[in-house]
Amino acid sequence: MQKTCLELALERLADRAIKESTYREYLGTLRNLELEDVPAEKATVRYLSNVLSGVLSPGTRRKHAINLRACLGVKVPCPRPAQKVYDLPSIEEIHAAFGESRYRMYALSMLYAGLRIGEACVSQPIKGNVITVDRQRLPDGSIATPKTAGPVYVPEWFAEEYRAFEATKSHNTVYVGMRRAAKKIGLNINPHQLRHKFATELVKAGVSPNVLQRQMRHHDVAVSLRYYVQTHESDINEGVMKAFGQQPA
């Protein structure tokens, strides 16, 4: 008797150590794309690609493609995520927004160490001026391993402040608190923007792609460069002038 896509997915996922929410999301993709009762042998790359072509949102199409790869084992093409472009505030504006706020160190740990919000919500080990990111606080308050771990070098003045800092606030409290603090001075800051600012400032300072990758804790430098570093026309012009602005004698 032929297996259906749902039966194949249940069999493949039975022995995988995944969160219950992830498990439900995988099965939800089969349901939303009406694949549950489709014979598994029919679910070829071509067939699934045709099904996904009917999903209008690129982000949703990418999510479903990832889920199908995981639950059916079919290497259906997966669209690249779109780069999020933020209107990044200046470092001075960030300090003005959070300088007197109870969320100051949470914000600065994202700006000067590139921490994600969950990583900023728990105290990370620090030795000298190196923070070793090895944990994160999830929205439900539990502590888990981070998306990516590893050492991050920070300015010595910040390292000194960080050693005295105890991160105890919840994920949601920090998110909402930072948004409100920024709005008080007319800024619309999403906490994740500060990780983008971290990457962008490193590149402006002239660090190599390898240094950027290690500081961002990415497995692939292309992720650091393609999705986190933001380049403006003024940056291009400044780079050209710096490299070739002087006419040879």
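Note that this is a predicted model, so its numbers are computed, not measured.

Rules used throughout
Residues numbered from 1 in each chain as written. Predicted model: local features only at pLDDT ≥ 70, side-chain atom pairs only at ≥ 80, totals over all residues. Heavy atoms only, no water. Core = buried A, V, L, I, M, F, W, Y, C linked by side-chain atoms within 4.5 Å. Buried < 20%, exposed > 50% of the residue type's maximum accessible area, 1.4 Å probe, protein only. Helix = DSSP H or I, 4+ residues; strand = E, 2+ residues; numbered from the N terminus. Contact = heavy atoms within 4.5 Å. Phe/Tyr/Trp six-rings, centres within 6.5 Å; stacked < 30°, edge-to-face > 60°. Pairing = 2+ DSSP bridges. Salt bridge = Lys/Arg side-chain N within 4 Å of Asp/Glu carboxyl O. Lys, Arg positive; Asp, Glu negative; His and termini not counted. Polar contact = N/O pair within 3.5 Å; in protein donor to acceptor, adjacent residues only side chain to side chain. Disulfide = S-S within 2.5 Å. Arc of directions from axis to C-beta.

Engineer: Describe in detail the nonpolar core, supporting the description with residues and values.
Structural biologist: In this structure, Phe98, Phe158, Val174 and Met178 are the most contacted members of the largest nonpolar core, which totals 39 residues. The element contributing the most residues to this core is helix H6 (residues 104-113), with 8 residues. Beyond its immediate chain neighbours, meaning those up to four positions away, Val174 contacts Tyr103, Tyr106, Met110, Ile117, Cys121 and Lys169. Counting residues in hydrophobic clusters, the runner-up holds 21 residues, among them Leu13, Leu27, Val38 and Val55.

Engineer: Residue-level account of the packing of aromatic side chains, with values.
Structural biologist: The geometry of an aromatic ring pair is captured by two quantities: the separation of the ring centres and the angle between the planes. On inspection of all chains with the given rule, the structure shows 6 aromatic pairs. The interplanar angle of 40 degrees and the centroid separation of 5.9 Å between the aromatic rings of Phe158 and Tyr162 together place this pair among those described as tilted. Of this pair, Phe158 and Tyr162 are both found in helix H8 (residues 156-163), 4 residues apart, which corresponds to roughly one turn of the helix. In this structure, Phe158 and Tyr162 share a single accessibility class: buried.

Engineer: Tell me about unusual backbone geometry, residues and numbers included.
Structural biologist: Even without glycine at this site, Glu34 takes up a positive phi of about 55 degrees. Along the chain, Glu34 falls in the loop between helix H2 (20-32) and helix H3 (45-52). On the basis of relative accessible area, Glu34 is assigned to the exposed category, the value being 67%. The phi torsion at Arg217 lies on the positive side, around 60 degrees, for a residue other than glycine. Within the element layout of this structure, Arg217 appears in the loop between helix H11 (209-216) and helix H12 (221-227).

Engineer: Pulling in residues and values, what's your account of the sheet that holds strand E1 (residues 126-127)?
Structural biologist: Each strand in a sheet pairs with its neighbour through backbone hydrogen bonds, running either in the same direction (parallel) or in the opposite one (antiparallel). Reading across the sheet, the 3 strands line up as E1-E2-E5 and stay open at both edges, with antiparallel pairing between neighbours. What marks the edges here is a single partner per strand, and that holds for E1 and strand E5 (150-153). Pairing analysis gives 4 bridges linking strand E2 (residues 130-133) to E5, with the strands arranged antiparallel. Bridged to Val133 within E5 is Gly150.

Engineer: If you had to explain the pattern of salt bridges to someone new, which residues and values would you point to?
Structural biologist: For the structure shown, the criterion picks out 7 salt bridges. In this structure, Lys3 and Glu11 form a salt bridge, with 2.6 Å as the shortest nitrogen-oxygen distance. The class of Lys3 is partly exposed, set by a relative accessible area of 38%. Here Arg116 ties to Glu119 by a salt bridge, and the two come within 2.8 Å at their closest N and O atoms. For the pair Arg116 and Glu119, one class covers both residues: buried. Connected through shared salt-bridge partners, Arg116, Glu119 and Arg217 make up one network.

Engineer: Can you lay out the side chain of Arg195 for me, pointing to particular residues and giving the numbers?
Structural biologist: You can see Arg195 is positioned in helix H10 (residues 193-204). One buried charged residue, Arg195, remains without a salt bridge, the closest side chain of opposite sign being Glu119 at 5.1 Å. At a separation of 2.8 Å, a polar atom in the side chain of Arg195 contacts the main-chain carbonyl oxygen of Met216. The residues touching Arg195, leaving out its near neighbours within four places in the chain, are Met110, Gly114, Arg116, Met216, Arg217, His218 and Tyr228.

Engineer: Could you give an account of the state of the cysteines, naming the residues involved and the relevant values?
Structural biologist: Considering all chains together, one arrives at 0 disulfides under this definition. Residue Cys5 stays outside any disulfide, its sulfur separated by 8.1 Å from that of Cys71, the closest cysteine. For Cys5, a relative accessible area of 0% corresponds to the buried category.

Engineer: Report on the environment of Glu92, specifying residues and quantitative values.
Structural biologist: Positionally, Glu92 belongs in helix H5 (residues 91-98). Distance in space between the C-alpha atoms of Glu92 and Arg24 is 44 Å, their sequence separation being 68 residues.

Engineer: Please provide a residue-by-residue account of helix H1 (residues 5-13), values included.
Structural biologist: The complete set of buried residues in H1 reads Cys5, Leu8, Ala9 and Leu13. Within H1, the buried residues cover an arc of 120 degrees as seen down the axis, which keeps them to one side. Among the structural elements, H2 and helix H4 (58-72) are those in contact with the buried residues of H1.

Engineer: I'd love a proper account of the environment of Arg61, names of residues and values included.
Structural biologist: Of note, Arg61 is situated in helix H4. The class for Arg61 is partly exposed, based on a relative accessible area of 23%. Each C-alpha atom, one on Arg61 and one on Cys78, is 8.1 Å from the other, the two residues being 17 residues apart in sequence. Filtering out sequence-adjacent residues up to four positions away, Arg61 remains in contact with Leu52, Val55, Leu56 and Pro79.

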